[in-house]
Amino acid sequence: MNRRAYLIFTFVGLVALTFIGRVFYLQVIDDNLKLSAENNVIRRVKDYAPRGHIYDRENRLIVGNQPAFDLMVIPNQLAPFDTIAFCEIFQIQPRDLKRKLKAAFDYSRLKPSVIIKQIMHDEYARVHEQLIFYPGFFFQRRLLRSYMYTGAANMAGFIGEVSETFVRDNPQYSKGDFYGVAGIERSYEHILRGKDGVRRIVVDVHNREKGRFKDGMYDTLPDPGKHITTTLDIELQMYAEQLMANKRGGIVAIDPKTGELLLVVSSPTYDPTLMVGRDRTRNYSRLFSDSINKPLFDRALLAEYPPGSPFKTVNALIGLQEGAITAHSHYSCNGGFRFGRLFVRCKCGTAGPIPLKKGIYKSCNNYFCNTYKNIIERYPTAPIGLQKWNEYVHSFGMGEFFNNDLPTGRKGLVPDSTYYNRVYRTNRWKAVSTVSNGIGQGELLVTPLQLANLSAIIANRGYYLTPHIVSAIDGEDINDPHFTVPKYTMVDSIHFETVIEGMYQVFEQGTARFSKIEGIEMCGKTGTAENPHGQDHSIFMAFAPKDNPEIAIAVFIENGYWGSRWAAPIASLIMEKYLTGEVERKHIERRMLEGSLVEEYAKQEAILAEKKRQQAEEKRKAAAQ
Amino acid sequence: MSNRGTFSMDWTLVFMYLALVFIGWLNIYAATYSDAYTGFFDMNQNHGRQLVFIMGALLMIGLILFLDVRLINLIPWPVYLLSLLSLLAVLLFGQKISGARSWFTMGGFAFQPGEFAKVAASLALAKYMSQADFSWKKFKPRLSAIGIIALPALLILPQPDLGSAIVFSAFILVFHREGMSPLWIFLGLALGVLFVFCLLFDPLKLSLAIIGIIGLMMFLQRKIKGRWLTYVGILSGILIFIQTVDFTFDHLLEDRHRNRINILLGLEQDFQGVGYNTHQAQIAIGSGGFWGKGFLQGTQTKFNFVPEQHTDFIFCTVGEEWGFVGSVAVILLFAAFIIRLVMVAERQKIIMYRIYGYAVASILFFHFTINIAMAIGLFPVVGIPLPFISYGGSSLWAFTILLFLFIKMDGHRKEIW
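How each quantity is defined
- By convention here, each chain's residues receive numbers from 1 onward along its written sequence.
- Written order decides the labels, with chains lettered from A and ligands numbered from 1.
- Local features in this predicted model are restricted to residues of pLDDT 70 or higher, and side-chain atom pairs are both shown and tallied only at a pLDDT of 80 or more, whereas totals for entire chains, interfaces and linings draw on every residue.
- Numbering of helices and strands runs from the N terminus; a helix is a DSSP stretch of H or I covering at least four residues, while a strand is a stretch of E covering at least two.
- Each residue is classified by how many other C-beta atoms fall within 10 Å of its C-beta atom, where C-beta atoms are placed from the backbone; a count of 20 or more means buried, 12 or fewer means exposed, and values in between mean partly exposed.
- In this description, any two residues whose backbone-derived C-beta atoms lie within 7 Å of each other are considered to be in contact.
- In this description, strands pair whenever DSSP reports at least two bridges between them.
- Between the N-to-C directions of two axes lies an angle of 0 to 180 degrees, each axis being a line fitted to C-alpha atoms and, for a helix, fitted only over the stretch in contact.
- We call two directions roughly parallel when the angle between them is under 35 degrees, roughly antiparallel when it is over 145, roughly perpendicular when it lies between 65 and 115, and oblique otherwise.
- Handedness of a crossing is defined here by the sense of rotation of the near helix relative to the far one, left-handed for an anticlockwise turn of less than a right angle and right-handed for a clockwise turn.
- On a range of 0 to 100, pLDDT expresses the predictor's confidence in each residue.
- Comment: arc refers to directions from the helix axis out to C-beta atoms.
- Each nonpolar core reported here comprises buried Ala, Val, Leu, Ile, Met, Phe, Trp, Tyr and Cys residues connected via C-beta atoms within 7 Å.
- The split of the chain into domains comes from an automatic or database domain assignment.
- The nonpolar class holds Ala, Val, Leu, Ile, Met, Phe, Trp, Tyr, Cys and Pro. Asp, Glu, Lys and Arg form the charged class, and all remaining residues, Gly among them, are polar.

## Regarding the overall build of chain B
Next, step 1: When its secondary structure is counted, chain B shows 17 helices and three strands.
Next, step 2: Taking all 417 residues of chain B together, 43% fall into the buried category.
Next, step 3: Pairs at least 24 apart in sequence give 69% of the contacts found in chain B among residues at least 6 apart.

In structure tokens:
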């Protein structure tokens, strides 16, 4: 053979070898290409898991699920259509429709885009048959929350669609997912959410669906969210919310034996169904921007009020434990507590020396200023004494978070020595400089939840279980020791009886005698808290029955004048309903239901506005000079 | 037929041909297959039409084998002339399909004269170079031979169809067999490599490196005296080339070619735009793995991720569905086919037949190399088909005629005239 033929042979051999090497690299060594191929053809479509239900303590459904429908469009399947008729049927502004269609076209002609979100079932039933006249549009089913009661909005919370930022921080979510924004929905998100299933769908180069990948062999079914049983008594909650109509404030009731929250009311509140459906965005922004009523602000958990007189029980208990007083220590009230130039007024109206019990049910300021002074002065210096006192108060769950299963909370404020050192710019202040702590005024701040817990502590004679909202998940009781193991205060249980006796007398012959329920031994303590924002708050703390407490409650009514005017009757009505199942005292009930503080709030707003105006004026004058 | 007794067909080539056509059809079927259409003989589908083309090809084979071999000596010039005329006509009256005026359309079928020009050029070249007074060493015949090749190429280029035009450079292998110095081939290859280097590296650094290498070679060569002029000449030639490449690349090539080259060299990455084909082709091939996904199981193939997969990118289907094993089989089959063609060409006693055989081998070799290199990402995207395998009537028929004219010639080698 001609030797020139071998050149071709060599070339052919080289080319073949090169090709085989390259093909070997592509097909055997490089794994990325296999992955890319899979990404090319397989679309993962989510099968949304239904969220878990939320039940109350009697297994009444509070929050369930309901189907809603998103109206979707695939632009390149659109045929020309009568937009006016379409807008009429689907209740959408032509301008909005145009904008959304343009966005859909810009996003993708082949992939679906949303035109209208969350069309609820009623509307869907009306419009879905019309859809055949509009090719390119279709409905996509989603599960939304359905609220069985118009109450407990602050507790149940609501869900919303994830934002881009949220997805970036929480990669287990993706666009279009819902998540708990507030309430139990938020704190129990991981339980309620479940696990979405994945369907693998094969698509071609134009993203058209071509069937299921390997007949669904690798698909996963959605794992529905777990059902949650809350500790709430939804009927009681609804009743309390009705009582709170036209009043601002918070109510918390606890089962002292278990720490279970029977109701958590914040007023004004809102109808949770507003957070579902086509108008949810408008509704939400209206609620969000209501800076006067702040319906989204959970006053029961977040509002920090001065505790007022109910706090006197704490000082009584500390005093007894510390030996600063005994049950038989007597103090005479002469219209107030005097020390040098300091004067704390008292309107208890008692004459002569009174014992602790009477000090409580007459709510004598003088008595507890003395008690407080004695506690602090048992220690070499006031700062050391105050520090000890602070420790005691903390053991009552005040001044710190409960770290419970509620989505939000506040610490409140229990001042310590550092606080006063800063205020007085010295550590040489005396017990009397901080004597307003003795009567629950001054710097002290608690949330309604903390005051209700105080009531539970007294009911339990010295301990509490961290107040919590969920009792069982999927029918299985929670066993978190944080919620099931009692937390003891630093006060021995023996000291509680005197205080309880005093609180019992509050109903028998004290400030709350008109709120007494016949046949039930009740203990309570009214409060009238001065506050810098205007009219005094009406406060009440109570539990019942006295010897086997089933409910402990705290009520705060903003600007409600004094404790027995609003807070005590409301608390007693709730306790009556809870303990007897029926409210007999219709006249009190009617007065509370119909009573309104709206005018008072308007007045407060006016005063506040006036004050602001004056301040601005002064500032301007100062600036002018 | 006067030669019945002595006609001996080369069955090896015929079987290889049939194997390639069969593999081609299977893969075209796979490339156009989707779950919705399953009919084998659906004329609306590519695989159905290809079946018709194959029938046509078989008829042509019959016709070629039936005709008198002496016709082959008569037809080259008329065929060549006809071919040039058709190329001219298609430029004037052709149908523009995807940007190139390369087609005559008649009814449902399109006819691409460029494919048949290869047959005509091969015949004409073989005829011309086998003349008794032809010698590669003489300037004028050499120029005429190159002209025979260049003329159709220059008519195809403005269609525009760069791929089909550069196929004619394959004839360099024929020239080499008939006396051209192999230096030219190596020079061509060297320039190609240098061209790529120029694009990859900074021209200044590249120049310095080459000066260094040649300097070293001069240093190592003891008896430099007589040759230093040659070295300096080569060196300056290279340096001038480096300088011109930049200019050529930036000013003479079109954007699409430039982009394709840049992407191939990894200088640009554009998986959505110009680089889409190359990238998707490699995904399809790479996803096949060692054993492949199996016939009709290729997801990339089935859902059309690679454009032109039934024609120029048919090798992707092979790669995806038949894996490394299938790819190697096709590569080896093709290599063996070309080697067999060269061997058969070498046994020709008639010079024209030998030259023609070389032309056939060269053209197929060129198509094979460029097409697969393009599919596996070693060469920029130029649209030329993989012979016998790619979908397309014109290409199948042209290659079949090309091949079987040679098989016909070979069949008569035992005759004594």
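## Notes on the overall build of chain A
Next, step 1: What chain A contains, in helices and strands, is 23 helices and 23 strands.
Next, step 2: Looking at chain A residue by residue over its 625 residues, the buried ones come to 42%.
Next, step 3: Counted over contacts in chain A with a minimum sequence separation of 6, partners at least 24 positions apart contribute 71%.

## Quick notes on the sheet that holds strand β9 (residues 209-212) of chain A
All names here are of chain A.
Next, step 1: Taken together, the three strands give an open sheet; going across it, the order is β1-β8-β9, and neighbouring strands pair in antiparallel fashion. At either margin of the open sheet sits one strand with a lone partner, and together these are β1 (42-47) and β9. Averaged over all neighbouring strand pairs, the angle between strand axes comes to 40°, with direction disregarded.

## As for the pairing of strand β11 (residues 249-255) of chain A
The side chains of a regular strand alternate between both faces of the sheet.
All names here are of chain A.
Next, step 1: With respect to burial, β11 is a largely interior element, seven of its seven residues being buried.
Next, step 2: Side-chain alternation along β11 places G249, I251, A253 and D255 on one buried face and G250, V252 and I254 on a second face that is also buried.
Next, step 3: For β11 and strand β12 (residues 260-267), the ladder comprises seven bridges, and the chain directions are antiparallel. Counterpart to G249 in the pairing with β12 is S267.
Next, step 4: The pairing of β11 with strand β23 (residues 551-557) spans six bridges and is antiparallel. The residue of β23 that forms the bridge with A253 is I553.

## Digging into the packing of helix α4 (residues 76-93) of chain B against helix α5 (residues 113-129) of chain B
All names here are of chain B.
Next, step 1: The contact between α4 and α5 brings their axes to 8 Å, and the two run at 150°. Judged by the inter-axis angle, α4 sits roughly antiparallel to α5. In terms of crossing hand, the pair formed by α4 and α5 is left-handed. Contacts between α4 and α5 involve P76, W77, V79, Y80, S83, S86, L87 and V90 on the former and, on the latter, P113, G114, F116, A117, A120, A121, L123, A124 and K127.

## Here we look at the confidence of the model for chain B
Residue and element names in this part refer to chain B.
Next, step 1: On average, residues of chain B score 86 in pLDDT, and 92% of them reach the 70 mark or higher.
Next, step 2: Here helix α12 (residues 255-264) stands out as the element of chain B with the lowest mean pLDDT, 73, in contrast to helix α15 (residues 314-346), whose mean of 95 is the highest.
Next, step 3: Model confidence for the complex is summarised by a pTM of 0.66, with the ipTM given as 0.90.

## Things to note about the interface of chain A and chain B
Next, step 1: Of the residues lining the interface, 31 residues belong to chain A; the matching set on chain B comes to 37 residues.
Next, step 2: Among the secondary structure elements, those contributing two or more residues to the side of chain A that touches chain B are α1 (5-29), α2 (32-41), β8 (197-203) and β9 of chain A.
Next, step 3: Looking at which element gives the most residues to the side of chain A that touches chain B, the answer is α1(A), with 15 residues.

## Some thoughts on the environment of A:G211
Next, step 1: Within the secondary structure, A:G211 is located in strand β9.
Next, step 2: Spatially, the C-alpha atom of A:G211 lies 8.9 Å from that of A:R200, the residues being eleven residues apart in sequence.

## Description of α12(B)
Next, step 1: Burial in α12(B) covers these residues: B:R260, B:I263 and B:L264. All buried residues of α12(B) fall inside an arc of 100° around its axis, so they share one side.

## A look at the nonpolar core
Next, step 1: A:A253, A:I553, A:V555 and A:I574 are the most contacted members of the largest nonpolar core, which has 125 residues in total.
Next, step 2: Looking at which domains feed residues into this core, each of domain 1 (35-60 + 148-230) and domain 3 (234-270 + 298-594) of chain A supplies at least three.
Next, step 3: Ignoring any residue separated from it by four or fewer positions in sequence, one finds A:I574 in contact with A:L236, A:Y239, A:A240, A:A253 and A:I553.
Next, step 4: A:I8, B:I54, B:I372 and B:L386 belong to the second-largest nonpolar core, a separate cluster that totals 112 residues.

## Quick look at the sheet that holds strand β22 (residues 534-544) of chain A
All names here are of chain A.
Next, step 1: One open sheet accounts for five strands, arranged β12-β11-β23-β22-β21; its pairing is antiparallel. Looking at strand neighbours, the two that pair on one side only are β12 and β21 (523-531), the edges of this open sheet. Each adjacent strand pair in this sheet contributes to an overall mean axis angle of 10°, direction not counted.
Next, step 2: Relative to β23, β22 runs antiparallel, the two sharing seven bridges. When the sheet's bridge partners are listed, F543 is paired in β23 with A552.
Next, step 3: Along the sheet, helix α18 (residues 448-459) contacts β11, β22 and β23; its crossing angle with β23, the most-contacted strand, is approximately 145°.

## Details of unusual backbone geometry
Next, step 1: Of the consecutive residues A:S267 and A:P268, the connecting peptide bond is found in the cis state with omega at 0°.
Next, step 2: Examined against the element boundaries, A:P268 turns out to sit in the loop between β12 and α11 (280-288).
Next, step 3: The step from A:A544 to A:P545 runs through a cis peptide bond, and the omega angle for that step is -15°.
Next, step 4: With respect to the helices and strands, A:P545 occurs in the loop between β22 and β23.
Next, step 5: A positive phi angle is found at A:N246, which is not glycine, with a value near 65°.
Next, step 6: By the C-beta count within 10 Å, which is 15 here, A:N246 ends up partly exposed.
Next, step 7: One non-glycine residue, B:F388, adopts positive backbone phi at about 70°.
Next, step 8: Following the sequence through the fold, B:F388 ends up in the loop between α16 (351-375) and α17 (393-411).
Next, step 9: A tally of 26 C-beta atoms within 10 Å means that B:F388 is categorised as buried.

## With respect to the environment of A:I574
Next, step 1: In this fold, A:I574 is placed in helix α21 (residues 567-580).
Next, step 2: When the C-alpha atoms of A:I574 and A:Y239 are compared, they prove to be 7.6 Å apart, with 335 residues separating the residues in sequence.

## Comments concerning the environment of B:Q131
All names here are of chain B.
Next, step 1: For Q131, the position within the fold is in the loop between α5 and α6 (139-156).
Next, step 2: For Q131, a count of 11 C-beta atoms within 10 Å puts it in the exposed group.
Next, step 3: Q131 sits 220 residues away from I351 along the chain, and the two C-alpha atoms are 8.7 Å apart.

## Some details on the pairing of β12(A)
Next, step 1: When you tally the buried positions in β12(A), you get eight out of eight residues, the bulk of the element.
Next, step 2: Taking the residues between adjacent antiparallel strands as the criterion, β11(A) and β12(A) are bridged by four residues, where A:G259 takes a positive phi near 80°.

## Notes on the packing of helix α15 (residues 365-377) of chain A against helix α16 (residues 382-395) of chain A
Residues and elements named next belong to chain A.
Next, step 1: Contact pair α15 / α16: the axes reach a minimum separation of 7 Å and the direction vectors enclose 110°. One element, α15, and the other, α16, form an angle in the roughly perpendicular class. Of the residues in α16, those in contact with I375, I376 and E377 of α15 are A382, G385, L386 and W389.
Next, step 2: The residue makeup of the contact of α15 with α16, split by class, is five nonpolar, one polar and one charged.

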